[in-house]
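# Observations on the model geometry
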Amino acid sequence: MPTVGEVSRFADIFRYVMELAKSRPLTLMIDEFQEFLKVNKSVYSEMQDIWDRNKHETKMNLIVCGSVNSLMNKLFRDKKEPLYGRQTDTMKLRYFTPSVLRQILAEYSPSYSNEDLLALYLLTGGVAKYVELFVDRGLMSWSEMLDAVFERDSYFLEEGKAMLVEEFGRDYGMYFSILSLIAQGHNTRGDIEGILRCEIGGYLSKLISDYELIAKRQLLFEKSANKNVNYAICDKFLNFWFRYIYKYNYMLEVGGNDKLRELASKNYHTYSGWVLESWFRDKLVETGAYTRIGYWHDRRGENEIDIIAVDDLERRAEIYEVKRQKKDIDFSILRAKTDVFLKATGQLKGYDITYKGLSLEDM
């Protein structure tokens, strides 16, 4: 189908492709679809009109992609928007799983150590782009990866801000403050509000539902939806970015990249120990062998169980202690903490309970 005259509007292109697809199957993919909001937001209502007029005759497979999650949700899930309800399917890109990260590292660095594997997980969270940045430069050891993150002009130094400022808009300062506090370990609403001295319920709700950046975590078998709630940043890289790069940005402003790298290195073993727990939780989730996976601690925090994996169908449970070094795992202590857990919750009666220890060696 020939075009006549000059094409100056996207609607004309879209109408042309829709007409063309009536005679042959076509797939049209539009990347960064939310950017039309800046260019000309009337594009969406024009697309809606053209689509509704032609959708029963055209053989068009339309795929639109966007990197700003909140805006893409707004365009298709807000009843006030012209494209509301028009999508027939939704696909979200997911993180590489632990097994995939292990395969990648084995392919590009066959002699890798488990410390290297943990660093790849800790610094990328399984995001394909970040993994690619390390792979393309051949940076496969944990020390090389850490060096690359903190070097001058590193892609990673500005990535957190570049990723989220557009998401949050004018309120990004408050969101950044909340995420920074969560990354430092201030993960309850009361704790965060006490530090910021303001009410943050609305912000937390949006971070969970609209932006999908944090998740609510509760003790396993907690009956109330509002008790013992804490918050965790879902993205491992963002957690690292807010914990070190955002918090200590003043060091970077005076060229203290090496100093910040040194600071992160000093705390690396402690921080990576927490991430190691997350690695094993993700591995257990990946198996699909359990009906619930969580953690537990008593009110005073004196008895804490890192991972509890339960299969209610088979009536079995696995209780895990996670340490960086296997020699630090004490099963007598784990059994004692489990006794406190069983008495406090009244759960897992009649279940077959197994006690296990996990360390770097088990990755």
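Preceding this section is the structure that the text describes.
What this report covers is the structure whose coordinates are included nearby. The numbers attached to residues start from 1 for each chain and follow its sequence in the written order. In keeping with the predicted nature of the model, local features appear solely for residues at pLDDT of at least 70, side-chain atom pairs appear and are counted solely at 80 or more, and the whole-chain, interface and lining totals rest on all residues. Just so you know, side-chain values use all the structure's heavy atoms and leave hydrogens and water out.

Here the focus is helix H16 (residues 268-287). Quick reminder: α-helices carry 3.6 residues per turn. Residues three or four places apart thus point the same way. Taking 1.5 Å of rise per residue, 20 residues should cover 28 Å, and H16 covers 28 Å from first to last C-alpha, within 8% of that figure. Exposure classes here rest on a 1.4 Å probe applied to the protein chains alone. A residue is buried below 20% of its type maximum, exposed above 50%, and partly exposed in between. Strands are runs of DSSP state E lasting at least 2 residues, helices are runs of H or I lasting at least 4, and numbering of each runs from the N terminus. Looking at H16, one finds that the buried residues are Tyr-268, Tyr-271, Ser-272, Gly-273, Val-275, Leu-276, Glu-277, Ser-278, Trp-279, Phe-280, Arg-281 and Leu-284. Expected span of a helix: the number of residues minus one, times 1.5 Å.

When DSSP finds at least two bridges between two strands, those strands are taken to pair. With mixed pairing, four strands are arranged side by side in an open sheet as S5-S6-S7-S8. What marks the edges here is a single partner per strand, and that holds for strand S5 (292-297) and strand S8 (352-358). Across this sheet, the average inter-strand angle for adjacent strands is 25°, counted without regard to direction. Relative to S8, strand S7 (residues 316-322) runs parallel, the two sharing seven bridges. Each residue of the ladder has a partner; that of Arg-316, found in S8, is Asp-352. Of the strands in this sheet, S5, strand S6 (304-311), S7 and S8 touch H16, which is tilted by about 5° from S6. All axes are obtained by fitting lines to C-alpha atoms, using only the stretch in contact for helices, and the reported angles, taken between N-to-C directions, cover 0 to 180 degrees. Residue contacts are counted whenever heavy atoms from the two residues lie within 4.5 Å of one another.

Moving on, we come to the packing of helix H10 (residues 172-183) against helix H13 (residues 236-246). At a closest axis distance of 8 Å, the pairing of H10 and H13 adopts a crossing angle of 95°. Relative to H13, the element H10 lies roughly perpendicular. Residues Phe-176, Leu-179, Ser-180 and Ala-183 of H10 pack against Asn-239, Trp-241, Phe-242, Arg-243 and Tyr-246 of H13. All amino acids are sorted into three groups, where Ala, Val, Leu, Ile, Met, Phe, Trp, Tyr, Cys and Pro are nonpolar, Asp, Glu, Lys and Arg are charged, and the leftover types, Gly among them, are polar. Taken together, the residues of the contact of H10 with H13 sort by class into six nonpolar, two polar and one charged. The cut-offs work like this: below 35 degrees is roughly parallel, past 145 is roughly antiparallel, 65 to 115 is roughly perpendicular, and the gaps in between are oblique.

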